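Survey of secondary and tertiary structure
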Amino acid sequence: MNSKMQGLLNETVNLEVTGKMDLEGTIIDIGSDTLVVYDGNDYLYIPVTHIQNLTFNNDNDNEIGCPADSPCIDSENINGEFSLKRILMKAVNMFTEVAVIGEQSLYGYITNVKDDYLVFHSPVHKTIYILLDHLKWLIPHPDHGQLYGFANESFLNQSVDTQLASTFENLITEAKGEFVVVNMGESVNHIGKIKSIEGGFIEVQPARASSMYVNMHHIKTLQIVK
């Protein structure tokens, strides 16, 4: 980490994260591309690329200080560079909360980490492929014994990763002809069959409307419905 970032350690700050999300907390660890922020309850792992603004919170009205315990994933228990990719790999099969689209969190388990995307199993949404560039933050919950009142193992046993493409673009290419949900179905026109892929756009055939052409660079999540 550079000296400028090092100076933020143990400082209480206000953060604006992509999507106009406002966060407050104390910076307790710093990686090459990620800040670990304690908000008084949880440890948020925030990619630096999604931090729009950062200001020092000198008043600290919520009296957020440094936590008594260390986070489950920190620079001390990762061999080599403390980076987002290594954090995600450490969080595999750990109950995790992630933010990708809007202010609604997804709850589930990271089951695989590929070159530029991760595989996330949600009891609600099943398998979700998330492009790393659009991951706004994650909160690992290593000691959480139950999710939705069920034993965690019951969800993990249902998630089986088959052979996967190494990159998100290849994953989309291989999904041609499949029924998909793009960007968590935030638009009804993002749900349908992939008819073609050309010039950086995928052609999606929705239920009733004419084809929608979606720029691949703006696809944050993909679900392949079997």
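Residues numbered from 1 in each chain as written. Predicted model: local features only at pLDDT ≥ 70, side-chain atom pairs only at ≥ 80, totals over all residues. Heavy atoms only, no water.

Here's the deal with the overall build of the chain
Broken down by element type, the chain carries 4 helices and 17 strands. By principal-axis analysis of the C-alpha atoms, the chain measures approximately 55 × 35 × 35 Å. Every one of the 226 residues in the chain was classed for burial, and the buried ones make up 46%. A fraction of 54% describes how many contacts in the chain between residues 6 or more apart in sequence connect residues 24 or more apart. Looking at the chain as shown, the accessible area adds up to about 11900 Å², and 45% of this sits on carbon and sulfur atoms. Each charge sign in the chain was given a centre, from 14 positive and 29 negative side chains, and these centres are 14 Å apart. (Helix = DSSP H or I, 4+ residues; strand = E, 2+ residues; numbered from the N terminus. Buried < 20%, exposed > 50% of the residue type's maximum accessible area, 1.4 Å probe, protein only. Contact = heavy atoms within 4.5 Å. Areas by Shrake-Rupley, 256 points an atom, 1.4 Å probe, with all protein chains shown as cover. Lys, Arg positive; Asp, Glu negative; His and termini not counted. Charge placed at Lys NZ, Arg CZ, Asp CG, Glu CD.)

Considering the environment of Val188
By secondary structure assignment, the location of Val188 is in the loop between strand S13 (179–182) and strand S14 (191–198). In this structure Val188 comes out as exposed when scored by relative accessible area, which is 65%. As for Val188 and Ala207, which are separated by 19 residues in sequence, their C-alpha atoms are 8.3 Å apart.

Brief notes about a nonpolar patch on the surface
On the surface, Tyr107, Val124, Tyr148 and Phe150 cluster together into a nonpolar patch covering about 420 Å² of accessible area. Owing to a relative accessible area of 31%, Tyr107 belongs among the partly exposed residues under this scheme. (Patch = residues over 30% accessible without salt bridge, like charges linked within 9 Å, V, L, I, M, F, W, Y side chains within 5 Å. Salt bridge = Lys/Arg side-chain N within 4 Å of Asp/Glu carboxyl O.)

Concerning the pattern of salt bridges
Oppositely charged side chains are able to pair whenever their charged atoms sit close together. Evaluated as defined, the whole model comprises 2 salt bridges. Linking Lys226 and Glu178 is a salt bridge whose minimum nitrogen-to-oxygen distance equals 3.0 Å. Of this pair, Lys226 sits in the segment after strand S17 (221–225) while Glu178 sits in the loop between helix H4 (168–174) and S13; the two residues are 48 residues apart in sequence, bridging distant segments of the chain. Residue Glu203 pairs with Lys195 through a salt bridge whose shortest N-O separation is 3.8 Å.

A few points about unusual backbone geometry
You will see that Asn93, though not glycine, has its phi angle at about 70 degrees, which is positive. Tracing the sequence through the fold places Asn93 in the loop between helix H2 (84–90) and strand S6 (95–99).

Re the pairing of strand S9 (residues 126–131)
Summarising the sheet, strand S8 (residues 117–122) and S9 pair through 6 bridges and their orientation is antiparallel. Residue Ser122 lies in a different strand from S9, and its bridge partner there is Lys126. Taking the residues between adjacent antiparallel strands as the criterion, S8 and S9 are bridged by 3 residues. In this structure, S9 lies alongside S17, joined through 2 bridges in antiparallel fashion. Of the residues in S17, the one forming a bridge with Ile130 is Thr221. (Pairing = 2+ DSSP bridges.)

As for the layout of surface pockets
Here the second largest pocket is characterised by a volume of approximately 180 Å³. Residue lining of the second largest pocket: Asp116, Leu131, Phe168, Glu169, Ile172, Ile197, Glu198, Gly199, Gly200, Met216 and His217, and that is the complete set. When residues of the lining of the second largest pocket are traced back to their parent elements, those giving at least two are H4 and S14. Residue contributions to the lining of the second largest pocket peak at 3 residues, all from H4. (1 Å grid on protein atoms, 1.4 Å probe; cavity = no way out; pocket = protein on both sides within 12 Å on 5 of 7 lines; lining within 4 Å. Points joined across faces, edges and corners; volume = space filled by probe spheres on them.)

What to know about the side chain of Ser122
As for its position among the elements, Ser122 is in strand S8. Given the relative accessible area of 2%, Ser122 is considered buried. A distance of 3.1 Å separates the side chain of Ser122 from the backbone nitrogen of Val124, its partner in a polar contact. Among the polar contacts listed, one links the side chain of Ser122 to the backbone nitrogen of His125, at a separation of 2.9 Å. If we skip the residues at most four places from it in the chain, Ser122 touches Tyr107, Gly108 and Ile128. (Polar contact = N/O pair within 3.5 Å; in protein donor to acceptor, adjacent residues only side chain to side chain.)

Concerning the packing of aromatic side chains
The description of an aromatic ring pair rests on the distance of the ring centres and on the angle between the ring planes. Applying the stated rule across the entire model yields 5 aromatic pairs. An angle of 55 degrees between the planes, with centres 5.8 Å apart, marks the rings of Tyr117 and Phe168 as tilted. A residue pair is termed long-range when its members are at least 10 positions apart, and Tyr117 in strand S8 and Phe168 in helix H4 qualify at 51 residues. (Phe/Tyr/Trp six-rings, centres within 6.5 Å; stacked < 30°, edge-to-face > 60°.)

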